[in-house]
Amino acid sequence: MLVLKDLSAEVPDTNAYHWRLEEYSEDDSTSALLYGYHSYKNKENHRAMEEHTRKIMFNNWMPCEFAQYSDSGFDALHYDEMFSEVYTICPHSAKWLNDIRGDEKYKTIFYPFHEDLVPEPQKKIYDVIYHGGIHGNEHVECLETISQFKYQYITMTRHINELTMRCLGYATTGNLPFKDKIGVIAKSKISVCYNMVHNQPLHTESIKKYPNWGGNVAFSEVDAWDIMPQFKTRMHEAAMSRTLNLVQRDPWNMAEYYYQPETEFIYFDDKNDLKDKIHEISTNWHQYEAIVERAFKRSLDYTVRKFIAFIESGHEWKGVSNEL
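Read on for an overview of the structure.

Calculation rules
- Residues numbered from 1 in each chain as written.
- Predicted model: local features only at pLDDT ≥ 70, side-chain atom pairs only at ≥ 80, totals over all residues.
- Heavy atoms only, no water.
- Helix = DSSP H or I, 4+ residues; strand = E, 2+ residues; numbered from the N terminus.
- Rg over C-alpha atoms; globule rule 2.2 N^0.38 Å.
- Buried < 20%, exposed > 50% of the residue type's maximum accessible area, 1.4 Å probe, protein only.
- Contact = heavy atoms within 4.5 Å.
- Areas by Shrake-Rupley, 256 points an atom, 1.4 Å probe, with all protein chains shown as cover.
- Lys, Arg positive; Asp, Glu negative; His and termini not counted.
- Charge placed at Lys NZ, Arg CZ, Asp CG, Glu CD.
- Pairing = 2+ DSSP bridges.
- Axes fitted to C-alpha atoms, helices over the stretch in contact; angles between N-to-C directions.
- Polar contact = N/O pair within 3.5 Å; in protein donor to acceptor, adjacent residues only side chain to side chain.

### What about the overall build of the protein?
Move 1: The helix and strand inventory of the protein stands at 10 helices and 13 strands.
Move 2: A globule of 324 residues ought to have a C-alpha radius of gyration of about 20 Å, and the protein, at 20 Å, matches this closely.
Move 3: Taken along its principal axes, the extent of the C-alpha atoms in the protein is 60 × 40 × 40 Å.
Move 4: The buried share among the 324 residues of the protein stands at 55%.
Move 5: Once local pairs closer than 6 in sequence are excluded, the contacts in the protein between residues at least 24 apart make up 70%.
Move 6: For the protein, the exposed surface amounts to about 14200 Å²; the carbon and sulfur share of it is 47%.
Move 7: Each charge class in the protein can be summarised by its mean position, and for the 35 positive and 49 negative side chains these summaries are 4 Å apart.

### Quick look at the sheet that holds strand β8 (residues 173-174)
Move 1: Spatially, β8-β7-β6-β9-β12-β13 is the arrangement adopted by the 6 strands of the open sheet, whose pairing is parallel. Each edge of the sheet is formed by a strand with only one pairing partner; in this case those strands are β8 and β13 (266-268).
Move 2: Bridge count for strand β12 (residues 244-248) against β13 is 3 bridges, and the pairing is parallel. Bridge assignment links Leu246 to a residue of β13, and that residue is Ile266.
Move 3: Contacting β6 (126-131), β7 (151-155), β9 (188-193) and β12, helix α3 (residues 137-146) runs over the sheet at an angle of about 155° to β6.

### Topic: the sheet that holds strand β1 (residues 2-5)
Move 1: In space, the 5 strands of this open sheet follow the order β1-β2-β3-β4-β5, with parallel pairing throughout. In this open sheet, the two edge strands, each paired with only one partner strand, are β1 and β5 (106-108). Across the sheet, the mean angle separating the axes of adjacent strands is 25° when strand polarity is ignored.
Move 2: The pairing of strand β2 (residues 31-35) with strand β3 (residues 54-59) spans 5 bridges and is classified as parallel. Residue pairing for β3: Leu34 is matched across the bridge by Met57.
Move 3: Packing against the sheet, helix α2 (residues 91-101) makes contact with β4 (85-88) and β5, and its axis sits at approximately 160° to β5.

### Details of α2
Move 1: Taken as a whole, α2 has its buried residues at Pro91, His92, Ser93, Ala94, Trp96, Leu97 and Asn98.
Move 2: As for α2, its buried residues are in contact with β4, β5 and β11 (227-229).
Move 3: Where α2 ends, the next residue or the one after it, Gly102, has phi of about 80°, a positive value.

### Observations concerning the environment of Ser39
Move 1: In this structure, Ser39 sits in the loop between β2 and α1 (43-48).
Move 2: C-alpha of Ser39 to C-alpha of Asn59: the two residues are 20 residues apart in sequence and 9.1 Å apart in space.
Move 3: Excluding its chain neighbours within four sequence positions, the residues that come into contact with Ser39 are Leu34, His46, Met57 and Phe83.
Move 4: In this structure the side chain of Ser39 is engaged in a polar contact, spanning 2.3 Å, whose partner is the backbone oxygen of Gly36.

Encoded structure:
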């Protein structure tokens, strides 16, 4: 399978830069895979895959493309027309799009990580870590809560929104290289995770311009909590680092698509529950190491090597529970 990329729209040293899918590229003149947000408009790569029977795109940002501002002229229903298959991390959007089209063009796949990122076991010197942007009140409450413990908050100071900028005072480290960030995660007992993305009124307006938008379960909360589901790779980063994932329960619980609750990660419901569970887990860490080890073993199912093999097979990934 020929593997091509366009990372021109990606923030440097973030996830897509560390997949290195092209390491598995071997042109068989039959299948070609393209990844990167600007894949839909990279004419050079399109020409390179033109003669291939299977023209495949990996979409790791769905359902966010439907929230692009309506005045941009962007049409998320048609931007990937030149591809014969689209693998996405959003099972709800894949089902919705296939229902609209009446075919099986969209297939669900897991979010991968490169095997080289797996760190050696580390001594746990921090109680809890959160890394990433601040996009809603629950993230602010997270920082207020974890700062009561021996914590780490890692963020960038560039390419960030206003709310993240206002919360920089909580940051213990800024602009840490990706692999160094993994090293800090590995030294932490707990990682807090939210598998959702916030949308603003303009995003909701754009979503509602698409036909039968209400048929996508991913859009069920855009008028209520102003959120959509999106699996966050920080769950993998914690699991492969033997750090316990403490995950906010939400209407979709995408975490269960990858890991089993209570045996491979633990839910929390609000800031008080978050505080109580951080205290309990950090104080009695050895009682939770079995969960951590099971999650580590599960994470090894999501490596780039297995990701490539899955796409080459042409199958759709159904998740851990096969219930979605």
